[in-house]
Structures are given as structure tokens and as C-alpha cells.
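Examining the three-dimensional arrangement
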Amino acid sequence: MDRRSEPNRSAIYATTLVAFLAIAGIAVVDPILPAIGEAIGVTAWQVELLFTAYIAVMALGMIPATLASGRFGFKPVLITGVSVVGLAAILASFSNDIVQLSVLRGVWGLGNAMFFATAMVVLVNLAIDREWVVGLFETALGLGFAVGPLIGGLLGHVSWRLPFFVCGVFMVLALAVASRKLREPANRQAPVRVGQIFATYRKPAFIALCVVTAAYNFVFFVVLGYTPLFLHLDVVPLGLAFTAWGLGLAAGILVIGHRLAHRIGAVQTVGVAIVGLLLCMVGFATSHSTARSLVVLVIAGLFMGLANANLTDLALGLGSSDRRVATGAFNLVRWGAAAPAPIISGKLAEHSLALPFWVGFGVLAVGVLAFLAFGHVMAAGYGERVVWNRAARTAEHAPEEPVGEAY
């Protein structure tokens, strides 16, 4: 299909640009975590409050943001979210202690909740070619995770405050673009009710997906939030390290994730991703050299990309037929499970630097077991089949061999 035939191209590209900047804003903090801790004089777990406050408020903000989009429309909620992020980022650059920074990161998370509760639904409703627009959104996310740490590392070398300020300026620019280019989808939908969101959790396949996703996202933010402290690198090398991680993530999303899903199914691709990430946790926990840890970091990014490329698709397929409801219910679990990971990692690191990874291994092992037990339920709900369920059915329906003829 010719992309020029898309009537809302400008609005689609504007929303995608804001998505890129929002994700870059999450990742920009990674390389400057050690510098912030040193400058303010706080412990590892206190520094991790910057992630936990952000993710926790983002998780809690998903449901009210979803309800607000149904009441006021997508564009006002999205633009409000971008404005809140820009203001919080700029104010964070003037903070003097960890409490101020954490509060402002929480406000930042609320703004991002408003954005992520609406952006994907807006894009899908504006586009004719849905596959193209979903791929465009995923590209923005992958590149945001790759570019954010690079910006944080380069600017953080000057001052840890600069990445926050520049991120805020970027969001102000994004606001200018969004206010002019964004459009409300033509089909106005009825307001969402809280009961609709929680009713989604009655579906067994969706519950199974949420358990797997909760374990996965906990580990995702062990890697994203704790590894910067674990590596003991200066700001610029740390920024480059997480840029390499982000490129691995982008490759998993853009190059491998959907191709593998077309071959073996989205459910089994998620299985490959979480098993691979489980092995990476062992790699981190047993690593005694920076070089090995960096290799594991990039490989972990690749497996995370495989998961990220398919989890949202599965949530939309297994959740409510109303994408706003499915997205709200899924993101509440996704971000809610991630919120405690950074601060738990910081506390565990006081006892052993490897302990956060072993705990991450244990949490993800629960997710792997849940996947093995209920993966066939998810696959059935999504119109796929998993290998072990197919093998079991073949054995169940195989004709019995007559006694005495085995040899």
C-alpha cells in the first residue's frame, strides 16, 4: 500500500514522534543514575526511587487516563500528558535532593500514563493500514530505548541535570507538533467504565498472559534500573552500553520479533524470549568481568525485543474487543509489576551485587512455569497452537499398538 494514500499521515507521524521522545525520556536516566547518587549523596536503593516512583505512578495512572480519554477524547488527554512530562522534566533539572527528584519523576510517570493510554489507540484509529502503523509505533519505541541512553550519557558527562532539562525541551517541541498535527479519530467511542477494565481479568487466557508479563516486566526493570549501578562505568561509557542494549532491543522488535512470530506463533515467540532472558539473568549473576556483562546486556536486549514485539499484540487479541479497555487492563499489570523491581534491586545490592539478578531469575522462573502450564490456553485464545500441546494431542489420539506386536 502507498503510504501517501494515508489521509492522516501528519497526525500519525506526530504521534509517533511523541512516542519516541516519551520512551527516550524513560531511558535517558539510565547512564546518570550513578552520577546522581554521587552528586546528591544517596544510597543505591534511594537512587532507584527515580525509577520506582515513575513506574508506580504510571501504572496507577493508566486507568484514570483510559477513563479520561473516553470522556474528553484522545487528543486532550494526550496533549495534557505531553505537557506534564515536559514540565516535570524541566523542574527535575533544578532539584536538589532525592525526594524532589522522585516526586517529579512520579509526575513525569503520570504524564506518560496519559500518553501511553491513548497513543496506540489513536494511531490504529487514524490509519488505514494498521500493520504499518503498529510497526511504526514499535520502531519509535525501539529507537527511543536506543537513543535515550546515548543522550543521557553524552549530556550527563557535562552535568546530571542537563539530560532532564533537554528532555523537557524536547517534550515542549513535541507539544508544539502535537497540538498542531494531532487529530481526534472520526469514530467517537462511548466512555469507558472501570468495571469494563476489571472484567477483562475474568478471561483465563488474558490472566495467563498477565502472569507471564508481570514476571517479565519485573525483570525488564531489574536490567534497566539496576544494571547501570552494577556495571560501575563512567557516564559516557554507560550511555554507550545502554545504547547497545537499546539497539539489541530494537533489533528484537523490528527485525526478528514479528518474523519469528509468523514462523512459530506469537505465543511461542514470547516463550523463547522469556527463556532466553532467564539464561541472561544467570549470565549477569555469575559474571566477573565488565566485558561479559556487556555482552549479556546486549543479548538480554535482543530477547526483550522479541517479547515486546508480541506482548501488546497478544494483549489486544486476548483482552477486550475495545482496545482502550484491553490496553488499560494490560498496562496496569505491566507497569504495576515493574514498579517494585528497581527499589528491591537497590536494597538487595546492599547484601550482594549478584543478588538482584538471582531474585530476577526466581521471579522470571515463575513466569516460565506459568507459560509452560498455560501457554496452550493463550495460544488457543489467539488462534495458535503450541508444540507441547500439539504433541500431547497427537499422543492422545494415536491408535494403540496391539499387544505382542511391538517387536
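Everything below is about the structure shown above.
First, a word on what this report is: a plain description of the structure on this page. (Residues numbered from 1 in each chain as written. Predicted model: local features only at pLDDT ≥ 70, side-chain atom pairs only at ≥ 80, totals over all residues. Heavy atoms only, no water.)

Section: the overall build of the protein chain
The helix and strand tally for the protein chain stands at 18 helices and 0 strands. Against the globule reference of 22 Å for 407 residues, the protein chain gives a C-alpha radius of gyration of 22 Å, in line with a compact fold. In terms of its C-alpha atoms, the protein chain occupies a principal-axis envelope of roughly 85 × 55 × 40 Å. Across the 407 residues of the protein chain, 55% fall into the buried class. As presented, the protein chain carries roughly 16700 Å² of accessible surface, and 66% of it is formed by carbon and sulfur atoms. Counting 25 positive and 19 negative side-chain charges, the protein chain places the centres of these two groups 11 Å from one another. (Helix = DSSP H or I, 4+ residues; strand = E, 2+ residues; numbered from the N terminus. Rg over C-alpha atoms; globule rule 2.2 N^0.38 Å. Buried < 20%, exposed > 50% of the residue type's maximum accessible area, 1.4 Å probe, protein only. Areas by Shrake-Rupley, 256 points an atom, 1.4 Å probe, with all protein chains shown as cover. Lys, Arg positive; Asp, Glu negative; His and termini not counted. Charge placed at Lys NZ, Arg CZ, Asp CG, Glu CD.)

With respect to the layout of surface pockets
By volume, the largest pocket amounts to about 1000 Å³. Along the walls of the largest pocket sit 41 residues, with Val134, Glu138, Ala309, Thr312 and Asp313 positioned nearest its centre. Elements that contribute at least two residues to the lining of the largest pocket include exactly α7 (119-126), α8 (130-156), α11 (204-231), α12 (235-264), α14 (290-318) and α15 (323-338). In terms of residue count, the dominant contributor to the lining of the largest pocket is α8 (9 residues). (1 Å grid on protein atoms, 1.4 Å probe; cavity = no way out; pocket = protein on both sides within 12 Å on 5 of 7 lines; lining within 4 Å. Points joined across faces, edges and corners; volume = space filled by probe spheres on them.)

Things to note about the packing of helix α1 (residues 9-27) against α7
Their axes nearest at 10 Å, the elements α1 and α7 cross at an angle of 160 degrees. When the axes of α1 and α7 are compared, the pair comes out roughly antiparallel. In this structure, α1 crosses over α7, and the sense of that crossing is left-handed. Of α7, the residues touching α1 (which contributes Ala11, Ile12, Thr15 and Thr16) are Ala119, Val122, Leu123 and Leu126. (Axes fitted to C-alpha atoms, helices over the stretch in contact; angles between N-to-C directions. Parallel < 35°, antiparallel > 145°, perpendicular 65-115°, else oblique. Left-handed = near helix turned anticlockwise from the far one by under 90°. Contact = heavy atoms within 4.5 Å.)

Examining a nonpolar patch on the surface
Together, Phe94, Phe165, Val169, Phe170 and Leu173 line one region of the surface with nonpolar side chains, adding up to about 460 Å² of accessible area. Position of Phe94 among the secondary structure elements: in the loop between α5 (74-92) and α6 (98-116). Assessed through its relative accessible area of 56%, Phe94 is described here as exposed. (Patch = residues over 30% accessible without salt bridge, like charges linked within 9 Å, V, L, I, M, F, W, Y side chains within 5 Å. Salt bridge = Lys/Arg side-chain N within 4 Å of Asp/Glu carboxyl O.)

Some words on helix α2 (residues 33-40)
Listed in full, the buried residues belonging to α2 are Leu33, Ala35, Ile36 and Gly37. Along its buried surface, α2 packs onto α3 (44-47), α4 (49-72), α6, α9 (161-181), α11 and α12. Following α2 by one or two positions, Gly41 adopts a phi angle in the positive range, close to 80 degrees.

Considering the pattern of salt bridges
Side chains that differ in sign of charge can pair as their charged atoms come close. Throughout the structure, instances matching the rule amount to 1 salt bridge. The residue Glu350 makes a salt bridge to Lys347 at a minimum N-O spacing of 3.8 Å. In this structure Lys347 comes out as partly exposed when scored by relative accessible area, which is 39%.

Points about the environment of Thr286
As for its position among the elements, Thr286 is in the loop between α13 (266-285) and α14. Between the C-alpha atoms of Thr286 and Phe206, which are 80 residues apart in sequence, the distance is 34 Å. Every residue in contact with Thr286, bar those within four places of it in the chain, is listed here: Arg292 and Trp358. Of note is the side chain of Thr286, whose polar atom sits 2.8 Å from the backbone oxygen of Val282. Polar contacts involving the side chain of Thr286 include one to the side chain of Arg292, which spans 2.9 Å. (Polar contact = N/O pair within 3.5 Å; in protein donor to acceptor, adjacent residues only side chain to side chain.)

Focus: the packing of aromatic side chains
Throughout the structure, instances matching the rule amount to 16 aromatic pairs. Here Phe284 and Phe357 contribute two aromatic rings whose centre-to-centre distance is 4.7 Å and whose plane-to-plane angle is 15 degrees, an arrangement assigned as stacked. Note that Phe284 is positioned in helix α13 and Phe357 in helix α17 (residues 355-382), a separation of 73 residues in sequence. Each member of the pair Phe284 and Phe357 is classed as buried. Among the aromatic residues, those joined into a ring-pair cluster are Tyr216, Phe220, Phe221, Phe242, Trp245 and Trp335. (Phe/Tyr/Trp six-rings, centres within 6.5 Å; stacked < 30°, edge-to-face > 60°.)

A short note on the side chain of Asn308
Along the chain, Asn308 falls in helix α14. Residue class for Asn308 comes out buried when judged on its relative accessible area of 15%. For Asn308, the residues in contact, after removing those within four places along its chain, are Tyr216, Phe220, Leu249, Ile253 and Arg334.

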